[in-house]
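The chain contents come next:
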Amino acid sequence: MTVVDAEARFHVLAVDDSVIDRKLIEMLLRTSSYQVTTVDSGSKALEVLGLRDEGDDSSSSSPTSSSAPAHHQEVGVNLIITDYCMPGMTGYDLLRRVKGSSSLKDIPVVIMSSENVPARISRCLEDGAEEFFLKPVKLADMKKLKSHLVRRKQPQLQPPQPQEKPQQQQKAELADCGGGSRKRKAAMMEQDGTTNASLSGGSGGLAVET
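Residues numbered from 1 in each chain as written. Predicted model: local features only at pLDDT ≥ 70, side-chain atom pairs only at ≥ 80, totals over all residues. Heavy atoms only, no water.

As recorded in an unreviewed UniProt entry, the chain goes by the name Response regulatory domain-containing protein, listed as coming from Aegilops tauschii subsp. strangulata.

The next thing to look at is the pairing of strand β2 (residues 35-39). With four of five residues buried, β2 is to be regarded as a mostly interior element. Looking at chain direction, strand β1 (residues 11-15) and β2 are connected through five bridges and run parallel. Among the inter-strand pairings, Val15 is bridged to a residue of β2, identified as Val39. Between β1 and its parallel partner β2, the chain crosses via helix α2 (residues 19-31), and the hand of that crossover is right-handed. (Buried < 20%, exposed > 50% of the residue type's maximum accessible area, 1.4 Å probe, protein only. Helix = DSSP H or I, 4+ residues; strand = E, 2+ residues; numbered from the N terminus. Pairing = 2+ DSSP bridges. Right-handed = clockwise from strand over helix to strand, strands pointing away.)

Within the UniProt annotation, "modified residue: 4-aspartylphosphate" (unreviewed entry) is assigned to Asp83. Looking at the secondary structure, you find Asp83 in strand β3 (residues 79-83). Beyond its immediate stretch of four places on either side in the chain, Asp83 contacts Val15, Asp16, Asp17, Gly91, Met112, Ser113 and Lys135. (UniProt positions renumbered as here; feature names shortened; annotations may be inferred. Contact = heavy atoms within 4.5 Å.)

Attention shifts here to the nonpolar core. If you look at soluble globular proteins, the nonpolar side chains tend to sit buried side by side. Of all hydrophobic cores here, the largest spans 24 residues; its most connected members are Leu13, Val15, Leu49, Ile80, Leu94, Ile111 and Cys124. Of all the elements in the fold, those that place two or more residues in this core are β1, α3 (42-48), α5 (91-99), β4 (109-113) and α6 (118-126). Among residues more than four places away in sequence, those in contact with Cys124 are Tyr84, Tyr92, Leu95, Ile111, Ala129 and Phe132. (Core = buried A, V, L, I, M, F, W, Y, C linked by side-chain atoms within 4.5 Å.)

Structural data, given as structure tokens:
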């Protein structure tokens, strides 16, 4: 992993059994400043995500599978982009596994395919896919990923603000305003009393001189 990868804000897991498509997706994602991890199958994607393919018991003993979960725990996966047609586990199967996991269900999943099949696209979107891209994937498609990543990050960046403290401050300010009014009223009454007394005293003095 390079320094640039470590500094990238979002980590995308790209899954495709085609070497050419996988290299293309990796290049486009890195051009868009994403950190990228690529794998060639759905079962290896599950290893990176910390899950095991139930039908592949031998994968747990391989060096790749032992290091992949630790890598995931260190940097986290923010989005998964996967091909639909792959041997063994399809992209749709991977989507179902991710959405069926309580710890991974919030990770956005994007499906890719070279075949424009409306029923396939609708099924993937209905079962939780954020987008369905037709191959060849373009740089403009990569730019669409950011909205899903930012929306997922937004609740953490903007936690709800407590409302009790401002209300208490408003009450305190209202109380201070009321107290100030009472003090001003008392001062005015006291001043009026002093003025009346002065006038009475003044009238008495005039009567004596007369």
